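For reference, the chains in residue letters:
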Amino acid sequence: MLIERLTPVGDPELSRPDPERLIEGDPVHRAWNAEEEDGLFCGIWESTPGAWRVHYDEWEYCRILAGRSVIEGDAGERMEVGPGDAFFIRPGFRGIWRVIETTRKDYVILIR
């Protein structure tokens, strides 16, 4: 199909942050991956509360569907995000992703 709705269908992939990156809590991630082709990925991701270190080597566009998170960069940037907020993260970003309330987002990732 050349056009599809992006909705969580079926069983999600479950994961947790790597233990060496975990800062607080016991966040559980669920992902419904809709597309994976030639370095382009999209789908819906959700996490329960907690905080972990992130290192981005890829571009990511996100739109928050539900919940609240805070993204803090090692360079001092800080962004609180909630429902309706859209943003992107550039390759090279390092910092902390802190889920305050279970957060659900849709995403598009480009790996070059």
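Before reading on, note that the structure itself is shown above.
The structure reproduced in this document is the subject of the present report. (Residues numbered from 1 in each chain as written. Predicted model: local features only at pLDDT ≥ 70, side-chain atom pairs only at ≥ 80, totals over all residues. Heavy atoms only, no water.)

Focus: the pattern of salt bridges
Argument step 1. Across all of its chains, the model carries 10 salt bridges by this definition.
Argument step 2. E72 is the salt-bridge partner of R78, the closest N and O atoms lying 3.7 Å from each other.
Argument step 3. In this structure, the salt-bridge partner of E72 is R98, at a minimum N-O distance of 3.7 Å. Here E72 is found in strand β6 (residues 59-73), whereas its partner R98 is found in strand β9 (residues 94-110), with 26 residues between them in sequence. (Salt bridge = Lys/Arg side-chain N within 4 Å of Asp/Glu carboxyl O. Helix = DSSP H or I, 4+ residues; strand = E, 2+ residues; numbered from the N terminus.)

As for the nonpolar core
Argument step 1. Grouped together as the largest cluster of nonpolar side chains are 16 residues, with contacts concentrated most on F87 and W97.
Argument step 2. The dominant element in this core, judged by the number of residues it contributes, is β9, at four residues. (Core = buried A, V, L, I, M, F, W, Y, C linked by side-chain atoms within 4.5 Å. Buried < 20%, exposed > 50% of the residue type's maximum accessible area, 1.4 Å probe, protein only.)

Regarding unusual backbone geometry
Argument step 1. A positive phi angle, close to 50 degrees, is found at D38, a residue other than glycine.
Argument step 2. Along the chain, the position of D38 falls in the loop between β3 (29-37) and β4 (40-47).
Argument step 3. A residue is classified by how much of its surface remains accessible, and D38, at 75% relative accessible area, is exposed.

Considerations on the packing of aromatic side chains
Argument step 1. Applying the stated criterion across every chain, the model contains five aromatic pairs.
Argument step 2. On the numbers, 5.7 Å between centres and 70 degrees between planes, the contact of W45 with W97 is edge-to-face. Here W45 is found in strand β4, whereas its partner W97 is found in strand β9, with 52 residues between them in sequence.
Argument step 3. Overall, W45 belongs to the buried group, its relative accessible area being 13%.
Argument step 4. Three or more aromatic residues link up through ring pairs in this structure, and these residues are W45, W52, F87 and W97.
Argument step 5. Sitting above the plane of the W45 ring, K105 keeps its charged end 4.7 Å from the centroid. (Phe/Tyr/Trp six-rings, centres within 6.5 Å; stacked < 30°, edge-to-face > 60°. Lys NZ or Arg CZ within 6 Å of the ring centre and 35° of its normal.)

Description of the environment of A51
Argument step 1. Mapped onto the elements of the fold, A51 is located in strand β5 (residues 50-55).
Argument step 2. Discounting residues that sit within four places of it in the chain, A51 has contacts with R21, L22, I23, E24, I96, W97 and R98. (Contact = heavy atoms within 4.5 Å.)

Quick word on the pairing of β9
Argument step 1. Relative to β9, β4 runs antiparallel, the two being bridged by eight bridges. Bridged to C42 within β9 is V108.
Argument step 2. Across six bridges, β5 lies against β9 in antiparallel orientation. By the bridge assignment for β9, W52 is matched with W97.
Argument step 3. By the bridge criterion, 13 bridges tie β6 to β9 in an arrangement that is antiparallel. If you follow Y61 over to β9, its bridge partner there is V108. (Pairing = 2+ DSSP bridges.)

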